[in-house]
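Residues per chain, in single letters:
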Amino acid sequence: HIDGAPVMNESKVVGVFTLSDLVRTIAEDKEEFTVSELMSTSLIIVNEDLKIANAIELMLKRSISRLIIADNDQMLLGIVTRTDLINTIANLNQFPIITN
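Residues numbered from 1 in each chain as written. Predicted model: local features only at pLDDT ≥ 70, side-chain atom pairs only at ≥ 80, totals over all residues. Heavy atoms only, no water.

A. Representation of the sheet that holds strand β3 (residues 45-47). Read across the open sheet, the three strands follow the order β3-β4-β5; overall the sheet is mixed. In the strand order of this sheet, the two ends are held by β3 and β5 (76-81), each with one partner. Each strand of the sheet is rotated relative to its neighbour by a mean of 35 degrees, with strand direction disregarded. As judged from the five bridges shared by strand β4 (residues 66-70) and β5, these two strands associate in the antiparallel manner. Bridge pairing in β5 links L67 to V80. Those strands touched by helix α3 (residues 52-62) are β3, β4 and β5, and its axis lies near 130 degrees from that of β4. (Pairing = 2+ DSSP bridges. Helix = DSSP H or I, 4+ residues; strand = E, 2+ residues; numbered from the N terminus. Axes fitted to C-alpha atoms, helices over the stretch in contact; angles between N-to-C directions. Contact = heavy atoms within 4.5 Å.)

See the structure below:
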């Protein structure tokens, strides 16, 4: 299971198991529990059209490190992490958009 990967129940995201959840699991000696018992269930799911600046603002305001992305039909598309956003910004600065 990849860190931060959404946990699915049928076609609905019901939680996410993060590195923080893993550390807490080990600290509380709960390695025998299931992911569904220990996952974070307070989720923020955003639309795929959310601007990068708004995604960063949302992450900072909510003190979260990832956003679950869905389309207009609420179908899971993926997950975006702080690292993804940093890499995107770094690449944008490295290769500026040329306009006419």
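Next comes the rest of the write-up.
B. Summary view of the packing of aromatic side chains. For the coordinates displayed, the defined rule picks out zero aromatic pairs. Directly above the ring of F33 sits K30, whose terminal nitrogen or CZ lies 5.5 Å from the centroid. (Phe/Tyr/Trp six-rings, centres within 6.5 Å; stacked < 30°, edge-to-face > 60°. Lys NZ or Arg CZ within 6 Å of the ring centre and 35° of its normal.)

C. Region of interest: unusual backbone geometry. A positive phi is found at S63, a non-glycine position, where the angle reads about 55 degrees. With respect to the element layout, S63 can be found in the loop between α3 and β4. Since its relative accessible area comes to 63%, S63 is described here as exposed. Despite not being glycine, Q74 shows a phi value in the positive range, around 65 degrees. Its location among the elements puts Q74 in the loop between β4 and β5. (Buried < 20%, exposed > 50% of the residue type's maximum accessible area, 1.4 Å probe, protein only.)

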